[in-house]
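# Analysis of the macromolecular model
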Amino acid sequence: MSVRAGRPLERAFFRGDTQSVAEKLLGARLVHTALEGTTIGRIVEVEAYLAEDDPASHSARGPTDRNASMFLAPGHAYVYLIYGLHHCFNVVTARAGAGAAVLIRALEPLAGLELMMERRGALRPRDLCSGPGKLAQAMGLTRAHDGRDLTSGAIHLLPPEPGWRGGPVAASRRVGISKAAERELRYSLASCPWSSRP
DNA sequence: GCAGGGATTTTCT
DNA sequence: GAAAATCCCTGCG
């Protein structure tokens, strides 16, 4: 690991306003070191799920067995199963007990592409991480990783490389929800070819 | 290229 | 019983 890679993001990065943290996460690099190898992807699309006044958030009706990790301290992972077969990876934000998180929706594959293709089945690089279920599969993230501390360990986040410029951020509606659907809490790098959708 | 449907767990009505 | 923070395959243009 070179000096340029930087140190993992610390807990303070994830604390506080969820929408601000969501925007700050764009450009950061998600790293997972597994037995099979290391995969890295740059975050290019996220969605914020707030602790209050957000009926679309899994935390809206309080803790359950499934969403318990959402109420951990900021900087932990919340990984859940959706539609019975896909995993979605979230980063807990705000404060412990609040129940706020940022869903990672798309990555630009940076390292370990062969392993990603192996996990996903032979696919074009564009199809490896262009969706929340896809990136969880490509990065090897499952409910086994639910509740992990992301500030130290095999799964962590690195800041953008010095000099990296992401360009303008676009806000739009969150995908696949019916409650509070009009709120623009999805953030993506504008005109990014790695996003889950235009 | 786009529309439709199936897979399958958790939660709520 | 149905919907959900999804993806993939099929069929048709």
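In what follows, the structure referred to is the one given above.
Residues numbered from 1 in each chain as written. Chains lettered and ligands numbered in written order. Predicted model: local features only at pLDDT ≥ 70, side-chain atom pairs only at ≥ 80, totals over all residues. Heavy atoms only, no water.

Around DNA strand B sit R61, T64, R66, L81, Y83, G84, L85 and R143, and that is every residue in its neighbourhood. Backbone atoms, meaning sugar and phosphate, form 71% of the atoms of DNA strand B found within 4 Å of the protein. At 3.0 Å, a backbone N or O of R66 approaches a phosphate oxygen of DNA strand B. Within the side chain of R143, one N or O atom sits 3.0 Å away from a phosphate oxygen of DNA strand B. Partitioned by chemical class, the residues of the surface near DNA strand B number three nonpolar, two polar and three charged. (Near = heavy atom within 4 Å. Polar contact = N/O pair within 3.5 Å; in protein donor to acceptor, adjacent residues only side chain to side chain. Nonpolar A, V, L, I, M, F, W, Y, C, P; charged D, E, K, R; others polar.)

Positive phi is not limited to glycine here, since Y83 has a value of about 55 degrees. Examined against the element boundaries, Y83 turns out to sit in the loop between β3 (77–82) and β4 (86–93). Of note, A94 is a non-glycine position whose phi angle comes to about 65 degrees, a positive value. Among the structural elements, A94 can be located in the loop between β4 and β5 (100–111). Given the relative accessible area of 11%, A94 is considered buried. (Helix = DSSP H or I, 4+ residues; strand = E, 2+ residues; numbered from the N terminus. Buried < 20%, exposed > 50% of the residue type's maximum accessible area, 1.4 Å probe, protein only.)

Along the chain, the position of R105 falls in strand β5. We classify R105 as buried; its relative accessible area is 5%. Here the side chain of R105 touches S196 through a polar contact of 3.3 Å, side chain to side chain. Setting aside its immediate chain neighbours within four residues, R105 contacts E45, V46, E47, C129, S130, G131, P132, L135, V175, R186, S196 and R197. (Contact = heavy atoms within 4.5 Å.)

Let us now look at the packing of aromatic side chains. Any aromatic ring pair is given by two values, namely how distant the centres are and how the planes are angled relative to each other. For the structure on display, the rule yields two aromatic pairs. A ring pair is formed by F13 and F14, whose centres lie 5.2 Å apart and whose planes are at 75 degrees; its orientation type is edge-to-face. Taken individually, F13 and F14 each receive the classification buried, so the pair is uniform in this respect. One Lys or Arg, K24, reaches over the ring of F13 and ends 4.4 Å from the middle of that ring. (Phe/Tyr/Trp six-rings, centres within 6.5 Å; stacked < 30°, edge-to-face > 60°. Lys NZ or Arg CZ within 6 Å of the ring centre and 35° of its normal.)

If you check the shell around DNA strand C, you find 20 residues, and the closest are Y80, N90, R120, G133 and G176. Considering the 4 Å shell around the protein, atoms of DNA strand C inside it are sugar or phosphate in 56% of instances. One nitrogen or oxygen atom from the side chain of Y80 is found 2.6 Å from a base nitrogen belonging to DNA strand C. In the environment of DNA strand C, a phosphate oxygen lies 2.7 Å from a nitrogen or oxygen atom belonging to the backbone of G133. Elements with a minimum of two residues in the surface near DNA strand C: β3, β4, β5 and α4 (132–139).

Within the largest apolar cluster, 37 residues are counted, with the highest numbers of intra-cluster contacts made by L25, I43, F89, I104 and L157. When residues no more than four places from it in sequence are discounted, the contact partners of I104 are I43, E45, V46, F89, V91, P132 and L135. Among the nonpolar cores identified, the runner-up in size contains ten residues, and A56, M70, Y80 and C88 belong to it. (Core = buried A, V, L, I, M, F, W, Y, C linked by side-chain atoms within 4.5 Å.)

Attention shifts here to helix α2 (residues 18–25). Residues of α2 that are buried: T18, V21, A22 and L25. Seen end-on, α2 carries its buried residues on one side only, within an arc spanning 105 degrees. Close packing links the buried residues of α2 with α1 (11–14), β2 (37–49), β4, β5, β6 (155–158) and β8 (186–189). The first or second residue beyond α2 is G27, which carries a positive phi of 100 degrees. (Arc of directions from axis to C-beta.)

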